[in-house]
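Chain residues, written in single-letter form:
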Amino acid sequence: MTAPQSAPAPMTVPAVAARKGGPRLTMLTAHDYALARLADAAGVDMVLVGDSLAMVALGRPDTLDVGMDAMIHHTRAVACGVARALVVGDMPFGSYQAADADAVRNAARFLAEGRAGAVKIEGGARVLGRIEAVLRADIPVMGHIGLTPQSVARMGGFKVQGRSARAARALLDDARRLEDAGCFALVLEAVPAPVAQAVTAAVGIPTIGIGAGPHCDGQVLVSHDVLGLFDRFTPRFVKRYAELGREATRALAAFCEEVRSGDFPGPEHSFDMDPRELRAAGLDRPGAPAAEDAPPAGDQG
């Protein structure tokens with residue numbers, strides 16, 4: 001008799017950090033319970049509740065227009081759907097830039113209210129003090145450098161970063177500073193593959209690439225892109241593993257057609273009633289008034 005297999009151990013911050021140079025890490029975004037369950041069941045190591053919520057779920061033009069309350073709401077939903085993966089909450093625009101106290105307070109909300117296991121903060125040297133304050137509060141931080149969507153106004157759009165020698169050296173310096181501060185992992189977004197390879201080799205924490213080539217310690221994508229659920233635009237670094245948006249449209253159109261034609265609902269989708277109860281209610285003849293609605297015998301005229 002074969003002994004039952006135990007469930008995989010939950011991913012933790014130390015477990016993620018220990019994967020440096022080992023088996024590649026996987027991370028996907030999720031913003032609700034259903035998608036979080038699917039990602040977790042697929043074996044994803046980390047689920048990021050990204051501020052991409054603003055674009056793929058709320059229809060906004062960028063990631064700036066989503067606040068803490070919305071992020072906490074969705075993080076808690078994701079945490080309810082995850083059994084193994086490490087849940088990482090994405091600190092939204094305006095939640096940490098103003099002061100250390102804001103950064104610590106909002107990061108703590110992700111753990112206490114959202115039930116996340118860590119937070120992600122965008123930026124390098126410019127926000128290093130904020131990151132250090134959050135880390136001093138014993139809140140694990142995943143760094144994020146390269147293309148940082150919350151800086152889209154300063155960058156002039158969603159553009160590849162680190163293409164010049166000076167910019168590449170600045171990225172490498174940022175990566176080292178974030179590691180020295182205590183970040184347990186580092187997202188590298190939209191940077192040339194050789195630069196990401198150099199950063200990965202230079203730091204002792206896992207790098208998670210998105211548009212950063214094949215040499216990182218792991219990869220992350222937005223689930224809506226992977227599944228074909230978001231079609232406003234598709235970045236070059238995205239690989240669509242399914243076209244669920246097209247299939248969903250087909251299924252919903254079929255529902256509309258069957259309702260209009262009368263094919264749905266059928267007998268198999270309906271509930272029956274004891275004929276005696278139906279007669280007692282006076283509803284055994286279509287169009288007949290219910291017993292309590294029928295006029296008294298003396299009112300027949």
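Whatever comes next refers back to the structure up there.
Residues numbered from 1 in each chain as written. Predicted model: local features only at pLDDT ≥ 70, side-chain atom pairs only at ≥ 80, totals over all residues. Heavy atoms only, no water.

A.B. asks: Before we go on, may I ask you to explain helix 5 (residues 100-112) in this structure?
C.D. replies: Since one α-helical turn is 3.6 residues long, residues separated by three or four positions face the same way. For helix 5, built from 13 residues, the straight-helix expectation of 18 Å at 1.5 Å per residue is met to within 8% by its first-to-last C-alpha distance of 18 Å. Among the residues of helix 5, Ala103, Asn106, Ala107, Arg109 and Phe110 are the ones counted as buried. For helix 5, the buried positions fall inside an angular range of 150° around the axis, keeping them on one side. Among the structural elements, helix 4 (68-81), strand 3 (86-90), strand 4 (118-122) and helix 6 (128-136) are those in contact with the buried residues of helix 5. (Helix = DSSP H or I, 4+ residues; strand = E, 2+ residues; numbered from the N terminus. Expected span 1.5 Å × (residues − 1). Buried < 20%, exposed > 50% of the residue type's maximum accessible area, 1.4 Å probe, protein only. Arc of directions from axis to C-beta. Contact = heavy atoms within 4.5 Å.)

A.B. asks: I'm lost on a nonpolar patch on the surface in this one. Help?
C.D. replies: Nonpolar side chains collect at one region of the surface, where Phe255, Val259 and Phe264 lie side by side and expose about 260 Å² of accessible area between them. Here phenylalanine 264 shows up in the loop between helix 11 (244-261) and helix 12 (275-280). What makes phenylalanine 264 partly exposed here is its relative accessible area of 31%. (Patch = residues over 30% accessible without salt bridge, like charges linked within 9 Å, V, L, I, M, F, W, Y side chains within 5 Å. Areas by Shrake-Rupley, 256 points an atom, 1.4 Å probe, with all protein chains shown as cover. Salt bridge = Lys/Arg side-chain N within 4 Å of Asp/Glu carboxyl O.)

A.B. asks: Help me understand the sheet that holds strand 8 (residues 218-221) in this model?
C.D. replies: Whether parallel or antiparallel, the strands of a sheet pair through hydrogen bonds between backbone atoms. The strand order around the closed barrel formed by eight strands is 1-2-3-4-5-6-7-8, and the pairing between neighbours is parallel. Ignoring which end each strand starts from, the neighbouring axes of this sheet average 25° apart. By the bridge criterion, four bridges tie strand 1 (residues 25-29) to strand 8 in an arrangement that is parallel. Within strand 8, the position partnered with leucine 28 by the bridge is leucine 221. Its contacts with the sheet place helix 5 against strand 3 and strand 4, and it is angled at close to 145° to strand 4. (Pairing = 2+ DSSP bridges. Axes fitted to C-alpha atoms, helices over the stretch in contact; angles between N-to-C directions.)

A.B. asks: Could you clarify how one ought to interpret the packing of aromatic side chains in this entry?
C.D. replies: When we look at a pair of aromatic rings, we describe it by the centre distance and by the angle of the planes. By the definition in use, this model includes one aromatic pair. Measuring from centroid to centroid gives 6.1 Å for phenylalanine 255 and phenylalanine 264, while their planes differ by 65°, and the two rings are edge-to-face. Exposure remark for phenylalanine 255: the relative accessible area of 47% places this residue in the partly exposed category. (Phe/Tyr/Trp six-rings, centres within 6.5 Å; stacked < 30°, edge-to-face > 60°.)

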